[in-house]
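# An overview of the molecular structure
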Amino acid sequence: MSNRNFISIVISAYNEEANIAELYKQLKQSLDTIDSLKYEIIFVNDGSKDNTKAEVLKLYEKDKDVKLVDFVRNFGHEIAMTAGMDYAVGDAVLFMDADLQHPPQLIPEMVKHWRDGVDIVLTKRVDNQQESYFQKLRGKIFYKILNKLSDFEIPAQTPDFRLIDRKYVEVVKSMKENNRMFRGLISWIGVSNQVVIDFEAPSRFAGESKYSVKKLMKLAVDSILSFSIKPLRFAMYFGIISIIISGLVGVYMIIDYLITPNYQTTGFATTALLVIFLGSVQLISLGVIGEYVGRIHIETKNRPLYIAQYFPNQVD
Ligand code: UDP
Ligand code: MG
């Protein structure tokens, strides 16, 4: 394979000061075992409030292969990966987390597949004992809902630890949307020339998870809304079903009225409940439409995805 000699490692880090040095050490060890491979290690500091930036700058000062993309504030993991990819110049980009849950020891195998001609190397987490029952359940529900509602299959248990060849990096780069989800974008491209490597994810080296339930919810909503317009159809389906039911109920009421002697009107509670119910359904539908309109609003503004300073500040 020609042009498979230079790899860009992209690491997004948010408050990971205690992991940077160890990750760098293990990365170096692992990368240096690979034959004639040039590499750059791009840390994206996603607006950390701790010493992450200083830790990276320490490495940057003594190692010219270390680069830093420094965000002015927290833009989120997906945007951080995007930024790393934008600055990467390698023949492939390898994404990983900063907390050592994506073991650098796997990189030689990933690179080997790539050099054998594979364009996308994905990884799959098997059996993570460190995850609590709640976390596992959360992950399961997340992917269940996601795949039910989204038009593209987004495989479960495939973390963002992956290698993408330059030609698909360019494709992903051409997708400029604000609300993005990498896993989904890759599924959307639908590359068949890919392999999946299993690995056992260790627990975090230091610090704690930065994905709060709130961030995960946002990711889930983003993923559904940016890959599908199915939710918009629900209101229509629901309306059609309501019309059919109300028609049937209407016919029943007329017959009931005709055959019952001394028919008396009752059912105030039923009426009230129905009004509230249908009112709520309408509000929810409006909310769903609102989410889509809001996204259109944000995307049309065409703001930059992030604001960052790049070290080294080279001009191409
Ligand atoms: N991360 C980030 N920005 C954020 C949240 C997380 O860059 O707003 C990074 C974080 O530093 C880590 C990776 O994304 O390198 C994955 O986050 P985390 O380990 O907290 O997620 P988990 O492994 O618990 O799903
Ligand atoms: Mg993690």
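Residues numbered from 1 in each chain as written. Chains lettered and ligands numbered in written order. Predicted model: local features only at pLDDT ≥ 70, side-chain atom pairs only at ≥ 80, totals over all residues. Heavy atoms only, no water.

### With respect to the environment of V126
Locating V126 in the fold gives a position in the loop between β5 (120-125) and α5 (133-149). Put simply, V126 and A201 are 75 residues apart on the chain and 7.2 Å apart in space, counted from C-alpha to C-alpha. Not counting chain neighbours up to four residues away, the residues in contact with V126 comprise D198, F199, E200 and A201. (Helix = DSSP H or I, 4+ residues; strand = E, 2+ residues; numbered from the N terminus. Contact = heavy atoms within 4.5 Å.)

### Let's talk about the side chain of T158
Along the chain, T158 turns up in the loop between α5 and β6 (162-165). Beyond its immediate stretch of four places on either side in the chain, T158 contacts T123, Y143 and R183.

### Considering the pairing of strand β4 (residues 92-97)
The buried fraction of β4 is high, at six of six residues. Burial along β4 is two-sided: the face carrying A92, L94 and M96 and the face carrying V93, F95 and D97 are both buried. Alignment of strand β1 (residues 6-13) against β4, held across six bridges, turns out to be parallel. Across the sheet, the residue bridging to I9 is L94, located in β4. Bridge count between β4 and β6: four bridges; the pairing is antiparallel. Opposite L94, over in β6, you have L163 as the bridge partner. (Buried < 20%, exposed > 50% of the residue type's maximum accessible area, 1.4 Å probe, protein only. Pairing = 2+ DSSP bridges.)

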